[in-house]
Amino acid sequence: MDKILRPERLEMDPNSGEASKEWLHWKRTFDNLAILPQGDLNNLSVLANYVSPSIFQHIEDCTDYEAAVGILQALFVNP
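Cut-offs applied
- Residues numbered from 1 in each chain as written.
- Predicted model: local features only at pLDDT ≥ 70, side-chain atom pairs only at ≥ 80, totals over all residues.
- Heavy atoms only, no water.
- Salt bridge = Lys/Arg side-chain N within 4 Å of Asp/Glu carboxyl O.
- Buried < 20%, exposed > 50% of the residue type's maximum accessible area, 1.4 Å probe, protein only.
- Helix = DSSP H or I, 4+ residues; strand = E, 2+ residues; numbered from the N terminus.
- Phe/Tyr/Trp six-rings, centres within 6.5 Å; stacked < 30°, edge-to-face > 60°.

Asks: Residue-level account of the pattern of salt bridges, with values.
Replies: According to the stated counting rule, one finds 2 salt bridges in the structure shown. Note that Lys-21 and Glu-18 form a salt bridge whose closest N and O atoms lie 2.9 Å from each other. Take Lys-21: its relative accessible area is 54%, and that puts it in the exposed class. Residues Lys-27 and Asp-31 are paired through a salt bridge, measuring 2.7 Å at the closest nitrogen-oxygen approach. In this pair, Lys-27 and Asp-31 are both assigned in helix α1 (residues 19-31), 4 residues apart and thus about one turn of the helix distant. The exposure class assigned to Asp-31 is partly exposed, which follows from its relative accessible area of 32%.

Rendered as structure tokens:
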């Protein structure tokens, strides 16, 4: 994959005042991977490659991509 399209690893403190803004930006860059012709990518596996171990612990039991993103959304975006 072209390095210019590759998102950085998601590695931040969910309690940070900037967590929501950083998450929304990271999620947008990660979603850009969907435009690439990659065949049958397992989005959950790809997501696991782009999060830090401390963040992965929150989604390690998820069996689908949507559930994992929902957990991360709730973790980083406070109501």
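Asks: How would you summarise the packing of aromatic side chains if you had to cite specific residues and measurements?
Replies: Evaluation of the coordinates by the stated rule reveals 5 aromatic pairs. Between Trp-26 and Phe-30 the ring centres are 5.1 Å apart and the planes differ by 15 degrees, which places this aromatic pair in the stacked class. In this pair, Trp-26 and Phe-30 are both assigned in helix α1, 4 residues apart and thus about one turn of the helix distant. Summarising the burial analysis for this pair, Trp-26 and Phe-30 share the class buried. Relative to Tyr-65, the ring of Phe-30 lies with its centre 6.3 Å away and its plane at 25 degrees, an arrangement referred to as stacked. Of this pair, Phe-30 sits in helix α1 while Tyr-65 sits in helix α4 (residues 65-76), and the two are 35 residues apart along the sequence. Through a chain of ring-to-ring contacts, the aromatic side chains of Trp-23, Trp-26, Phe-30, Tyr-50, Tyr-65 and Phe-76 assemble into a single cluster.

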